[in-house]
Amino acid sequence: MKVLLLGGTGEARALAARLHPEVEVISSLAGRVPDPALPVGPVRIGGFGGVDGMRQWLIDERVDAVVDATHPFAATITAHAAQVCAELQLPHLVLARPAWAPGTAIVVGSDREAAETVAGKGYSRIFLTTGRSGTAAFKTVDAWFLIRAVTAPDPDTLPADHQLLLSRGPYDYDGELALLREHRIDALVTKNSGGAMTEPKLRAAETAGVPVVMVDRPPLPQGVHPVATVEEAAAWVRGGA
């Protein structure tokens, strides 16, 4: 059995390790992060060239099943995989880590709505953790930003008043709390990525009394029913998909 594993997440790496070597898994990474953490087994890096390119690649490689374990906000590749697998009648599974419970967070539908929210509420010192592609919406917001990302955003997308913090999780509660207090943060903006790696910032914000603006996840394609754990995904693959 040959499986295409759309990855780039800790869950994808864990699944590749769980299935290796008894299942032939080809992991696919988008290639947007330099020096990514690589899974065991064969890896391809880069896009497919849209729906048509993915369809042809799956046919050429004689793939038997596709597991989508990409980031919850990687909506485009998730939509493409769902469409192509339906067309080719390939077994298809989405491994989606559980979302965080928003609690008292202000839940919004997009980066732009998050920017409008922080501007409307007059927050002045914002911890922005929406990733390198999420900064453009905040460019004209009149506030100071501590922007944390794995790789540097395009300079043209950055707010005028900011500090860039390049780092990669996991993060811990004490460190996140110290960061909020050191920079006198009065609002945290995050995507609802879920998972334990970056969750401590939410607990730290609660302790510090810092309000949270949380961008909700994009919906999964119609007809897609995800599993939440690596164990469930591994059982699905081993069961013949």
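Nothing here was measured: the structure is a model prediction, and the numbers come from that model. (Residues numbered from 1 in each chain as written. Predicted model: local features only at pLDDT ≥ 70, side-chain atom pairs only at ≥ 80, totals over all residues. Heavy atoms only, no water.)

*Asks:* Whenever I open this one, the overall build of the protein chain confuses me. Can you help?
*Replies:* The number of helices and strands found in the protein chain is 7 helices and 11 strands. Computed over C-alpha atoms, the radius of gyration of the protein chain comes to 19 Å, within 12% of the 18 Å expected from 2.2 N^0.38 for 241 residues, which places it in the range of a compact globule. The C-alpha extent of the protein chain, read off along each of the three principal axes, is 55 × 35 × 35 Å. Within the span of the protein chain, comprising 241 residues, buried residues form 46% of the whole. Entry remark: accessible area of the protein chain is about 11800 Å², with carbon and sulfur atoms responsible for 51%. Computed over 22 positive and 27 negative side-chain charges, the separation of the two mean positions in the protein chain equals 1 Å. (Helix = DSSP H or I, 4+ residues; strand = E, 2+ residues; numbered from the N terminus. Rg over C-alpha atoms; globule rule 2.2 N^0.38 Å. Buried < 20%, exposed > 50% of the residue type's maximum accessible area, 1.4 Å probe, protein only. Areas by Shrake-Rupley, 256 points an atom, 1.4 Å probe, with all protein chains shown as cover. Lys, Arg positive; Asp, Glu negative; His and termini not counted. Charge placed at Lys NZ, Arg CZ, Asp CG, Glu CD.)

*Asks:* What exactly am I supposed to notice about the sheet that holds strand β2 (residues 24-29) here?
*Replies:* Within a beta sheet, neighbouring strands are joined by backbone hydrogen bonds and run either parallel or antiparallel to one another. Sheet architecture is open: 5 strands sit in the order β3-β2-β1-β4-β5, paired in parallel fashion. What marks the edges here is a single partner per strand, and that holds for β3 (43-45) and β5 (92-94). Neighbour-to-neighbour, the strand axes of this sheet turn through a mean angle of 20 degrees, independent of strand direction. Across the sheet, helix α1 (residues 10-19) is in contact with β1 (2-6), β2 and β4 (65-68); its angle to β1 comes to roughly 160 degrees. (Pairing = 2+ DSSP bridges. Axes fitted to C-alpha atoms, helices over the stretch in contact; angles between N-to-C directions. Contact = heavy atoms within 4.5 Å.)

*Asks:* Before we go on, may I ask you to explain the packing of aromatic side chains in this structure?
*Replies:* Aromatic ring pairs: the centre-centre distance and the angle between the two ring planes describe each pair. Evaluation of the coordinates by the stated rule reveals 2 aromatic pairs. For the pair Phe 48 and Trp 57, a centre-to-centre distance of 5.5 Å together with 75 degrees between the ring planes defines the contact as edge-to-face. Judged by its relative accessible area of 14%, Phe 48 is buried. A relative accessible area of 17% means that Trp 57 is categorised as buried. Between Phe 138 and Phe 145 the ring centres are 5.9 Å apart and the planes differ by 70 degrees, which places this aromatic pair in the edge-to-face class. (Phe/Tyr/Trp six-rings, centres within 6.5 Å; stacked < 30°, edge-to-face > 60°.)

*Asks:* Help me understand the packing of α1 against helix α7 (residues 230-238) in this model?
*Replies:* Axis separation between α1 and α7 bottoms out at 10 Å; the angle between their running directions is 45 degrees. Accordingly, the angle class assigned to the pair α1 and α7 is oblique. As for how α1 packs across α7, the hand of that crossing is right-handed. Taking contact as the criterion, the partners of Glu 11, Ala 14, Leu 15, Arg 18 and Leu 19 in α1 are, on α7, Val 230, Glu 231, Ala 233, Ala 234, Val 237 and Arg 238. Taken together, the residues of the contact of α1 with α7 sort by class into 7 nonpolar, no polar and 4 charged. (Parallel < 35°, antiparallel > 145°, perpendicular 65-115°, else oblique. Left-handed = near helix turned anticlockwise from the far one by under 90°. Nonpolar A, V, L, I, M, F, W, Y, C, P; charged D, E, K, R; others polar.)

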